[in-house]
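In case you want the letters, here they are:
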Amino acid sequence: VQLQASGGGLVQGGGRLRLSCAASGSIFSINAMSWYRQAPGKQRELVASITSGGSTNYADSVKGRFTISRDNAKNTLYLQMDSLKPEDTAVYYCNAARYSYGRRYDYWGQGTQVTVSS
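Residues numbered from 1 in each chain as written. Predicted model: local features only at pLDDT ≥ 70, side-chain atom pairs only at ≥ 80, totals over all residues. Heavy atoms only, no water.

Trainee: For the environment of Ala 5, give the residues involved together with the corresponding values.
Mentor: Mapped onto the elements, Ala 5 comes out in strand S1 (residues 2-6). Judged by relative accessible area, Ala 5 falls into the buried class, the value being 5%. Each C-alpha atom, one on Ala 5 and one on Trp 108, is 9.4 Å from the other, the two residues being 103 residues apart in sequence. In contact with Ala 5, other than residues within four places in its own chain, are Ser 20, Cys 21, Trp 35, Cys 94, Gln 110 and Thr 112. (Helix = DSSP H or I, 4+ residues; strand = E, 2+ residues; numbered from the N terminus. Buried < 20%, exposed > 50% of the residue type's maximum accessible area, 1.4 Å probe, protein only. Contact = heavy atoms within 4.5 Å.)

Now the structure itself:
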């Protein structure tokens, strides 16, 4: 599975961005896709995830502001980010997870920088 993230950039506080993650390869095997982020000096954290069945999960810090979605026809994952705050500044990574015989296999995109100015 190969993942290519895009859509990051510089935006003022209160603004919006949409991240995209194009998936290719053995995408039929993917069970869930997620967005993670990592700010300078901090650990990578889960932002939002969506299962193959469409169930979603969000970090408390982004609930009500971010929306994760997927377009299966385009093999693309999205993260719509609204009402952005300076604390959302981070490198955002897309992730695909595959489960097989009790093991989890993770695939990562290259990351895209999101910077929110105050």
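Trainee: An account of the packing of aromatic side chains is needed here, citing residue identities and associated values.
Mentor: Summed over all chains, the structure comprises one aromatic pair. Taking 5.0 Å as the distance between ring centres and 65° as the angle between the ring planes, the aromatic pair formed by Tyr 36 and Trp 108 counts as edge-to-face. Remark: Trp 108 occurs in strand S10 (residues 103-108) and Tyr 36 occurs in strand S4 (residues 32-38); sequence separation between them is 72 residues. For Tyr 36, a relative accessible area of 17% gives the class buried. The ring of Tyr 93 is capped by Arg 44, whose NZ or CZ atom sits 3.8 Å from the centre of that ring. A cation over an aromatic ring shows up here: Arg 98 above the ring of Tyr 105, its NZ or CZ 4.4 Å from the ring centre. (Phe/Tyr/Trp six-rings, centres within 6.5 Å; stacked < 30°, edge-to-face > 60°. Lys NZ or Arg CZ within 6 Å of the ring centre and 35° of its normal.)

Trainee: Go over the state of the cysteines with me, naming the residues and quoting the values.
Mentor: Inspection of every chain in the model, using the stated rule, returns one disulfide. Two residues, Cys 21 and Cys 94, share a disulfide whose sulfurs are 2.2 Å apart. On the sign convention where negative is left-handed, the bridge of Cys 21 and Cys 94, at about 55° about the S-S bond, is right-handed. Pair noted here: Cys 21 is in strand S3 (residues 17-24) and Cys 94 is in strand S9 (residues 90-100), with a separation of 73 residues, a long-range link. The pair Cys 21 / Cys 94 is uniform in exposure class, with both members buried. (Disulfide = S-S within 2.5 Å.)

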